[in-house]
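Per-entry structural report
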Amino acid sequence: MAAVTRSPSAAASWAEAFASASNDDPEIQAHGKYFTCSYLLDATEHQFVVKVESGRVVDVAVDPGPLDVPYQFAIRAGVETWRGFGEPVPPPMCHGIWSATFRRDMKLEGDVLVLMQNLRCITRQIELLRTIGAPV
């Protein structure tokens, strides 16, 4: 898997772990036949553009420049919110993207229709943070 990076780091290792966990997840593979999109996970310290084709993560660009890698929507949140998602038992308001947008600092931007069309698989990818850890 190729990734655009400024320097090799723990972020690149996280990106590989995220792609592997997603591609090996039976639920995503069962639901993801039409899960095709690119989206940005913005964790303040690092940004990741996740490219998914037919339910498989084919690339995760780490800290791309603003015009390097296109994406359809963005999920943005601060470090503490992402770390909450990475807990085995998430604290209140870190158990899902909707709760984090209502009560924390998470923002959903861009073509939210694409997010909604792929919501179950994206929700599952966020749930995988409980096992692989937060992106920051």
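Since the structure is predicted, the reported quantities are computational estimates derived from the model, not experimental observations. (Residues numbered from 1 in each chain as written. Predicted model: local features only at pLDDT ≥ 70, side-chain atom pairs only at ≥ 80, totals over all residues. Heavy atoms only, no water.)

1. Some thoughts on the overall build of the protein
- From N to C terminus, the protein includes seven helices and five strands.
- Along the chain direction, N to C, the helices and strands of the protein fall in the order α-α-β-β-β-β-α-α-β-α-α-α.
- Here the protein has a C-alpha radius of gyration of 13 Å; the compact-globule value for 136 residues is 14 Å, and the two agree.
- Dimensions of the protein, computed from C-alpha atoms along their principal axes, come out at roughly 35 × 35 × 25 Å. (Helix = DSSP H or I, 4+ residues; strand = E, 2+ residues; numbered from the N terminus. Rg over C-alpha atoms; globule rule 2.2 N^0.38 Å.)

2. Brief notes about the packing of aromatic side chains
- One pass over the full model with this rule turns up four aromatic pairs.
- Each ring, one from Trp-14 and one from Phe-48, has its centre 4.7 Å from the other, and the planes form 50 degrees; the classification is tilted. Of this pair, Trp-14 sits in helix 1 (residues 10–24) while Phe-48 is found in strand 2 (residues 47–53), placing the two residues 34 residues apart along the sequence. Exposure class is identical for Trp-14 and Phe-48. Each is buried.
- Considering the side-chain rings of Tyr-39 and Phe-73, the 5.3 Å spacing of their centres and the 5 degrees angle between planes classify their relative orientation as stacked. (Phe/Tyr/Trp six-rings, centres within 6.5 Å; stacked < 30°, edge-to-face > 60°. Buried < 20%, exposed > 50% of the residue type's maximum accessible area, 1.4 Å probe, protein only.)

3. A short note on the pattern of salt bridges
- Enumeration according to the criterion identifies nine salt bridges in this entry.
- The salt bridge involving Arg-124 is made with Asp-25; its shortest N-O contact spans 2.9 Å. Linking Arg-124 in helix 6 (residues 119–127) with Asp-25 in the loop between helix 1 and helix 2 (26–31), this pair joins segments that are 99 residues apart in sequence.
- Between Glu-27 and Arg-120 there is a salt bridge whose closest N-O contact spans 2.5 Å. Separated by 93 residues along the polypeptide, Glu-27 in helix 2 and Arg-120 in helix 6 bring together distant segments of the chain.
- Looking at Arg-120, the relative accessible area reads 36%, which means it is partly exposed.
- Residues participating in the shared-partner salt-bridge network are Asp-25, Glu-27, Arg-120, Arg-124 and Glu-127. (Salt bridge = Lys/Arg side-chain N within 4 Å of Asp/Glu carboxyl O.)

4. Focus on the pairing of strand 1 (residues 37–42)
- Burial analysis of strand 1 places six of its six residues in the buried class, the great majority of the element.
- Burial along strand 1 is two-sided: Cys-37, Tyr-39 and Leu-41 and Ser-38, Leu-40 and Asp-42, pointing in opposite directions, are all buried.
- As judged from the six bridges shared by strand 1 and strand 2, these two strands associate in the antiparallel manner. In the strand pairing of strand 2, Ser-38 is matched with Lys-51.
- Hairpin remark: strand 1 followed by strand 2, antiparallel, with four residues in the connecting loop; positive phi at Thr-44, about 65 degrees.
- Pairing geometry for strand 1 and strand 4 (residues 73–76), over four bridges, is parallel. From the neighbouring strand, Asp-42 faces strand 4, where its bridge partner is Arg-76. (Pairing = 2+ DSSP bridges.)

5. Topic: the nonpolar core
- Of all hydrophobic cores here, the largest spans 33 residues; its most connected members are Tyr-39, Leu-41 and Trp-82.
- Among the elements that take part in this core, helix 1 stands out by supplying six residues, more than any other.
- Among all residues touching Leu-41, those that are not within four sequence positions of it are Trp-14, His-46, Gln-47, Phe-48, Val-50, Ile-75, Trp-82 and Ile-126.
- Listed in part, the five residues of the second largest apolar core include Val-49, Ala-61, Val-69 and Ala-74. (Core = buried A, V, L, I, M, F, W, Y, C linked by side-chain atoms within 4.5 Å. Contact = heavy atoms within 4.5 Å.)

6. Brief notes about the pairing of strand 4
- Note that strand 4 and strand 5 (residues 107–110) share four bridges and pair antiparallel. Paired with Arg-76 across the two strands is Lys-107, which belongs to strand 5.

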